[in-house]
Amino acid sequence: MPRTRRAPLPPWRETPQRAEVLRALAARPGFTSAQLLHARTQADGSEVGLSIVYRVLALLAGAGQADVVRGANGERLYRHRDDTTHQHFLVCRRCGFALTSDSDAIEDWVARAAVESGFSDVHHTVELSGVCTRCAAGPSE
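Summarised in this report is the structure supplied together with it. Since the model is a prediction, treat every value here as computed from it, not as a measurement. (Residues numbered from 1 in each chain as written. Predicted model: local features only at pLDDT ≥ 70, side-chain atom pairs only at ≥ 80, totals over all residues. Heavy atoms only, no water.)

**Focus: the sheet that holds strand 4 (residues 76-80)**
What counts here: By the convention used here, strands pair only if DSSP detects at least 2 bridges between them. Every helix listed is a DSSP run of H or I at least four residues long, and every strand listed is a run of E at least two residues long, numbered separately from the N terminus. Contacts between residues were defined by any pair of non-hydrogen atoms, one from each residue, lying within 4.5 Å. Here the axes come from fitting lines to C-alpha atoms, over the contacting stretch only for helices, and the angles between their N-to-C directions go from 0 to 180 degrees.
Taken together, the three strands give an open sheet; going across it, the order is 2-4-3, and neighbouring strands pair in antiparallel fashion. Here the strands that pair on one side only, and so sit at the sheet edges, are strand 2 (32-33) and strand 3 (66-70). Pairing geometry for strand 2 and strand 4, over two bridges, is antiparallel. Within strand 4, the position partnered with Thr32 by the bridge is Tyr78. Sitting on the sheet, helix 1 (residues 16-27) is in contact with strand 2, strand 3 and strand 4, with an inclination near 90° to strand 4.

**Here we look at the packing of helix 2 (residues 34-43) against helix 3 (residues 50-62)**
Selection criterion: We call two directions roughly parallel when the angle between them is under 35 degrees, roughly antiparallel when it is over 145, roughly perpendicular when it lies between 65 and 115, and oblique otherwise. Two helices that cross are described as forming a left-handed crossing if the nearer one is turned anticlockwise from the farther one by less than a right angle, and a right-handed crossing if clockwise.
Two elements in contact, helix 2 and helix 3, have axes whose closest approach is 9 Å; the angle formed by their N-to-C orientations is 125°. Taken together, helix 2 and helix 3 sit at an angle that is classed as oblique. Note on packing geometry: the crossing formed by helix 2 with helix 3 is right-handed. Between helix 2 and helix 3, the contacting residues are Ala34, Gln35, Leu37 and His38 on the first element and Leu50, Val53, Tyr54 and Leu57 on the second.

**Notes on a nonpolar patch on the surface**
Selection rule: Exposure above 30% relative accessible area and the absence of a salt bridge qualify a residue for a patch, where like charges join within 9 Å and nonpolar side chains (Val, Leu, Ile, Met, Phe, Trp, Tyr) within 5 Å. To be clear on the numbers: accessible area is Shrake-Rupley with a 1.4 Å probe, and residue cover counts the displayed protein chains and nothing else. When a carboxyl oxygen of Asp or Glu is within 4 Å of a side-chain nitrogen of Lys or Arg, the pair counts as a salt bridge.
Together, Leu90, Phe97, Leu99 and Leu128 line one region of the surface with nonpolar side chains, adding up to about 350 Å² of accessible area. Mapped onto the fold, Leu99 is located in strand 7 (residues 98-101).

**Section: the pattern of salt bridges**
If you walk through the whole model with that rule in mind, you get three salt bridges. Salt-bridge contacts for Asp44 lead to Arg40; the nearest nitrogen and oxygen are separated by 3.6 Å. The salt bridge partner of Arg81 is Asp67, with a shortest N-O separation of 2.6 Å. Separated by 14 residues along the polypeptide, Arg81 in the loop between strand 4 and strand 5 (85-86) and Asp67 in strand 3 bring together distant segments of the chain.

Note that all results are geometric; they support no functional claim without further evidence.
As structure tokens, then:
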């Protein structure tokens, strides 16, 4: 059973720059870095600065509108999310391909750990990475 994230803390104040970053992220098919997203918006004629891209992505992630994983080099990668369902991903360290994983066991463990420790309002991040079958097979001839 999917868990939902809490409601966004800061209210989303629509600005042209925020709307532009959100549109650019939603247009990307998978996970992308802030720098690649910035480069893409610049190529499309945008004047939104890199620091704005980072801030908007952080706001989107905090509001549950973007998923965040770490790439092979430790950089945060973002993907637009249309709903607020909390998910976990298995991400290829070579190409960045990501699959949603069945997270019931993880969610059950987190709930058990919270009860056993006496903590409340527990949030978590689980990052799973590996090498997808396509990358493991090597370059196609």
